[in-house]
2 protein chains.
Amino acid sequence: MSWSGRLSLAPPTLADVAERAGVSRQTVSNAVNNPELLRPDTLARVQDAINELGYLPNRAARNLRTRASHMIGLKFNPAQEGTANAAMDRFVHTLVETSGESGYHILLFSDTTDDPLGGYDDLLRSTAVDAFIVTDTYLGNPQAAWLTAQRAPFVAFGRPWDNPRASHAWVDVDGAAGTELATRHLLDKGHTRIAWIGWRKDSFIGEDRRSGWARAMHERDLPTTGLASRVEDTVASGRDAASALLDEAHPSAFVCASDTLAMGVLHALGDRGIYWGKDVAVVGFDDSQVAQVVPGGLTSVRQPLEQVAVELVKALEGLLSTPPVMGPGVLLSPTLAVRMSSG
Amino acid sequence: MSWSGRLSLAPPTLADVAERAGVSRQTVSNAVNNPELLRPDTLARVQDAINELGYLPNRAARNLRTRASHMIGLKFNPAQEGTANAAMDRFVHTLVETSGESGYHILLFSDTTDDPLGGYDDLLRSTAVDAFIVTDTYLGNPQAAWLTAQRAPFVAFGRPWDNPRASHAWVDVDGAAGTELATRHLLDKGHTRIAWIGWRKDSFIGEDRRSGWARAMHERDLPTTGLASRVEDTVASGRDAASALLDEAHPSAFVCASDTLAMGVLHALGDRGIYWGKDVAVVGFDDSQVAQVVPGGLTSVRQPLEQVAVELVKALEGLLSTPPVMGPGVLLSPTLAVRMSSG
DNA sequence: GGCGGCTTCTGGATCGTTCCAACGTGAGGA
DNA sequence: TCCTCACGTTGGAACGATCCAGAAGCCGCC
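Residues numbered from 1 in each chain as written. Chains lettered and ligands numbered in written order. Predicted model: local features only at pLDDT ≥ 70, side-chain atom pairs only at ≥ 80, totals over all residues. Heavy atoms only, no water.

1. Digging into the interface of chain A and chain B
What counts, and what does not: Note on contacts: a residue pair is in contact if any heavy atoms of the two residues lie within 4.5 Å. Here the quantity called buried area is the total loss of accessible area, with a 1.4 Å probe, experienced by two parts when brought into contact, counted for both. Should a side-chain nitrogen of Lys or Arg be within 4 Å of a carboxyl oxygen of Asp or Glu, the pair is scored as a salt bridge. Here a polar contact means two N or O atoms within 3.5 Å. Within protein one must be a hydrogen donor candidate and the other an acceptor candidate, and residues neighboring in sequence count only if both atoms are side-chain atoms. Only DSSP runs of H or I reaching four residues or more are called helices, and only runs of E reaching two or more are called strands; each is numbered from the N terminus. Gly falls in the polar group here, along with every residue not listed as nonpolar (Ala, Val, Leu, Ile, Met, Phe, Trp, Tyr, Cys, Pro) or charged (Asp, Glu, Lys, Arg). Should DSSP find at least two bridges between two strands, the strands are taken to pair.
Facing the 59 residues of chain A at the interface are 59 residues of chain B. Interface area for chain A against chain B, summed over the two sides, is near 5200 Å², with a carbon-plus-sulfur share of 63%. Counting every contact that joins chain A to chain B gives 0 salt bridges. Scanning the region where chain A abuts chain B turns up 8 residue pairs in polar contact (both at pLDDT 80 or more). Here the side of chain A that touches chain B takes 7 residues from helix α5 (residues 88–101) of chain A, the largest share from any one element. Partitioning the side of chain A that touches chain B into residue classes produces 30 nonpolar, 20 polar and 9 charged. With 3 bridges joining them, strand β2 (residues 105–109) of chain A and strand β2 (residues 105–109) of chain B adopt antiparallel strand pairing. When the sheet's bridge partners are listed, L107 of chain A is paired in β2 of chain B with L107 of chain B.

Okay, structure coming up:
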């Protein structure tokens, strides 16, 4: 039943329902928010009225009174053109669904200026959102510290690398475990000369992922010197790095910090007429769409983004409850999507 | 200057600013919303007070009074796994930026149920959003008709294919022009046997894109019979279709309705040891990340998604102004991103 | 029957903003 | 001097929900 068929344009209010049910406004409010306070027969009468009128609480009024917006702010960082990293998609979808089940909606914003704090401040001060989900926790990003100082509730996707004593809630994926998984997979296939192509040294995430590769190699007493390269996250860089490694270190397999770099390796192999998967194995990171549809398929470490979203919402619910409950950081394990590029 | 440094936890209100500036609340409100009503010296005094206190209007209160939320609802449809279609990303980013400049925020939602109207109704009735942007205008989707019946303001990304007399605002990309561009590009390269792989016949968008290919072919008096295939939008379907066409019609080039299908063609060519770009040319549709990073690069029709977002916001602004202004539908032209797969 | 104690329900106040009607002020004309 | 008029400014009411204190109803117990 919908109010849209009625003559009046305005949606029904609490008072309309109260009048129809023959009770006071407060009783209707209780029926909606604290049904257990009502006598069963009263509750039934009120709910009938609600259904007949198609009543739904006005969010603005509720927000004003409760000083909460039931919105969660998310800065939308688009994937860079020419890279394979469109993981945002899968993540955001689950985030929207999960938060919706908890009564929260996702509000997107972006920084128009170069200021990494752009957008956060305005939304917070205008009480447009109750909390934030912060995703870009790269080195030196001041968001976490700033939000903490503002006492703004937020949860981070990503560990506080540069401040181990940071007190905010976070959820992250164990990148080292992912590359270790990838490297072991290649070792089990019989490879011994496994190269690493990752990001520049100032990337905590890159170094973390690299450590997984190194750990798996050292575990089997295999050397890593001369087998690692650290470059920018572009296809061209990956291609150049792979080319240099092929010339100098003759690896039979590559583990990469991203699918973008892995695609660079495929380029380099293609340049030399080497078949990937058969002659040389390649593993990427992110299980992007590119990994899934490239001819043959690219083996790739898959982050449990759906699970990350669920954990983030869970943490936010704790943070926004009264009294606030703060769980410890959550570290999830990735899996490996095996395709032809690794045999 | 921020209020966060102050002792009181609550943000400053209009009344606080009014007191500090020595004027009434309404005058502050006017300073914010209708500055031209104030005498310059009063305006300056009020603005000083606003800056000193770091005042920003409370959105809930404003929304309640003005009966508007300044939010735009967008149903977030995630790309399917295993396809190359992650165009949402580029589109959403510009949408967030553009709408932000007009004072609107993007609210994401998703349908938890199978009901295509899921989510729309609740948001509308609870006055959580002022309008919607509808993106999935596939055949038989009742959203547009339903929203029209509810008198809910909305703008569609996609033409009202199944109802040419639909009265709502829309923005779309001329798919036929895109495939025509692609086909001409191949014709200019000397190809004459150019095949088409598209979607099943019940897809209006698919048939539109197909018509561009057919038009370009007929323009040069080239045959199209036996050169077209209509399948599902998966890599495997594209591969099978390409394989069959290669056997039966011996095309030297393919134009596809999506990058996903084009990747299927690349698979089929790879299976036969045919070099794409050199022996057989391939053009996709969407300029996805896959097209950009696949070895050699896939030539692809690029939709002006940024421009679409801008036009959508422009149309929404008209719709939400008083009185509402409804422009005609807007049809934008795609471009062609040429890469190695077409020579 | 009267009275505390518990549940259930009520009316008024409140959140922070904008709408509305009315008010004070100063310039200009009679 | 008085009146008109326009401009700038003001206080009260309203938006629709929830919080709060208290009233009404109901129970059993003395």
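2. Some points on the protein's contact with DNA strand D
Selection criterion: Nearness is judged by heavy atoms alone; a residue qualifies as near a molecule or strand once a single heavy atom is within 4 Å of it.
Neighbouring DNA strand D are 26 residues, the closest being L14, Q26, S29 and N33 of chain A together with T42 of chain B. Backbone atoms, meaning sugar and phosphate, form 63% of the atoms of DNA strand D found within 4 Å of the protein. In this structure, N33 of chain A approaches DNA strand D through a side-chain N or O atom, which is 2.6 Å from a phosphate oxygen. The side chain of R62 of chain A places a nitrogen or oxygen atom 3.2 Å from a phosphate oxygen of DNA strand D. Among the elements that make up the surface near DNA strand D, the one with the highest residue count is helix α4 (residues 59–66) of chain A (5 residues). Residue composition of the surface near DNA strand D, by class: 9 nonpolar, 10 polar and 7 charged.

3. Observations regarding the environment of F109 of chain B
Put simply, the test is: Any residue under 20% of the maximum accessible area for its type is buried, any over 50% is exposed, and the rest in between are partly exposed; the area is computed with a 1.4 Å probe on protein chains only.
When you line up the elements, F109 of chain B lands in strand β2. For F109 of chain B, a relative accessible area of 3% translates into the label buried. Residues F109 of chain B and G119 of chain B lie 10 residues apart in sequence; the distance between their C-alpha atoms is 6.7 Å. Beyond its immediate sequence surroundings of up to four residues, F109 of chain B is in contact with V96 of chain A together with G73, L74, K75, F76, G118, G119, Y120, L123 and F132 of chain B.

4. Details of the sheet that holds strand β6 (residues 194–199) of chain A
Residue and element names in this part refer to chain A. This is how the line gets drawn: Between N-to-C directions, angles span 0 to 180 degrees; the directions come from axes that are lines fitted to C-alpha atoms, helices contributing only their stretch in contact.
Across the sheet, 6 strands lie side by side as β7-β6-β8-β9-β10-β12; this open sheet has mixed pairing. Because the sheet does not close on itself, it has two edges, and the strands there are β7 (228–231) and β12 (335–337). Across the sheet, the mean angle from the axis of one strand to that of its neighbour is 20°, orientation sign disregarded. In the packing of helix α8 (residues 175–188) onto the sheet, contacts are made with β6, β8 (253–256), β9 (281–285), β10 (299–302) and β12, and the angle to β8 comes to roughly 170°.

5. Focus on the domain arrangement of chain A
All names here are of chain A. Heads up, the rule is: In this entry, domain limits derive from an automatic or database-based domain assignment.
Here the domain parsing of chain A yields domain 1 (3–57), domain 2 (71–172 + 305–332) and domain 3 (175–303 + 337–342). Taken over C-alpha atoms, the centre of domain 2 sits 30 Å from the centre of domain 3. Taken together, the contacts link 12 residues of domain 2 with 15 residues of domain 3. Connecting domain 2 to domain 3 are 1 salt bridge. As a salt-bridge pair, R159 and D208 come within 3.2 Å of each other at their nearest N and O atoms. Where domain 2 meets domain 3, there are 3 residue pairs in polar contact (both at pLDDT 80 or more). Taken together, the residues of the side of domain 2 that touches domain 3 sort by class into 5 nonpolar, 3 polar and 4 charged.

6. Quick notes on the environment of P78 of chain A
As for its position among the elements, P78 of chain A is in the loop between β1 (71–75) and α5. Remark: the alpha-carbon pair of P78 of chain A and H191 of chain A, spanning 113 residues in sequence, is separated by 36 Å. Discounting chain neighbours no more than four positions away, the residues touching P78 of chain A are D89 and H93 of chain B.

7. What to know about the protein's contact with DNA strand C
Near DNA strand C, the surroundings consist of 26 residues, among which T42 and R65 of chain A together with L14, Q26 and Y55 of chain B are the closest. At a separation of 3.0 Å, a phosphate oxygen of DNA strand C approaches a polar side-chain atom of R62 of chain B. A per-class count over the surface near DNA strand C returns 9 nonpolar, 10 polar and 7 charged.

8. Observations concerning the pairing of β10 of chain A
Residue and element names in this part refer to chain A. The sheet contact formed by β9 and β10 spans 3 bridges and is parallel. When the bridges of β10 are listed, V283 appears paired with T299. Across 3 bridges, the pairing between β10 and β12 is antiparallel. Paired with V301 across the bridge in β12 is L336.

9. Quick word on the relation of the copies chain A and chain B
To keep it simple, the criterion reads: We superpose the copies by least squares over the C-alpha atoms of residues that have a pLDDT of at least 70 in both of them.
Superposing chain A onto chain B takes a rotation of 180° plus a shift of 0.0 Å along the axis, which leaves an RMSD of 0.1 Å. A rotation of that kind, with that shift, is consistent with a two-fold axis. Most of the interface of chain A is mirrored in chain B, where 100% of its interface residues again form contacts.

10. Description of the packing of aromatic side chains
All names here are of chain A. As a reminder, the rule being used: Here the aromatic set is Phe, Tyr and Trp, taking the six-membered ring for Trp, and pairing holds for ring centres within 6.5 Å; pairs whose planes are under 30 degrees apart are stacked, those over 60 apart are edge-to-face, and all others are tilted. Only lysine NZ and arginine CZ atoms are considered, and such an atom sits over a ring when it is within 6 Å of the ring centre and within 35 degrees of the ring normal.
Scanning the model with the defined rule gives 12 aromatic pairs over all chains in all. For the pair F91 and F157, a centre-to-centre distance of 5.2 Å together with 45° between the ring planes defines the contact as tilted. Linking F91 in helix α5 with F157 in strand β4 (residues 154–157), this pair joins segments that are 66 residues apart in sequence. Considered together, F91 and F157 belong to a single accessibility category, that of buried residues. Following the ring pairs from residue to residue traces out a cluster consisting of F109, Y120 and F132. Positioned over the ring face of F285 is R209, at 3.6 Å from the centre of the ring.

11. Focus: the sheet that holds strand β1 (residues 71–75) of chain B
Within the open sheet, the 12 strands sit side by side as β11(A)-β5(A)-β4(A)-β3(A)-β1(A)-β2(A)-β2(B)-β1(B)-β3(B)-β4(B)-β5(B)-β11(B). Their pairing is mixed. At either end of the open sheet lies a strand with only one pairing partner, and these are β11 (330–332) of chain A together with β11 (330–332) of chain B. The sheet shows a mean angle of 20° between the axes of neighbouring strands, direction not considered. Pairing of β1 of chain A with strand β3 (residues 131–134) of chain A involves 3 bridges; the strand directions are parallel. Bridge pairing in β3 of chain A places L74 of chain A opposite I133 of chain A. Of the strands in this sheet, β1, β2, β3 and β4 of chain A together with β2 of chain B touch α5 of chain A, which is tilted by about 175° from β1 of chain A. Packing of helix α13 (residues 305–320) of chain A onto the sheet brings it into contact with β1, β3, β4, β5 (169–173) and β11 of chain A, and relative to β4 of chain A it is tilted by some 160°.

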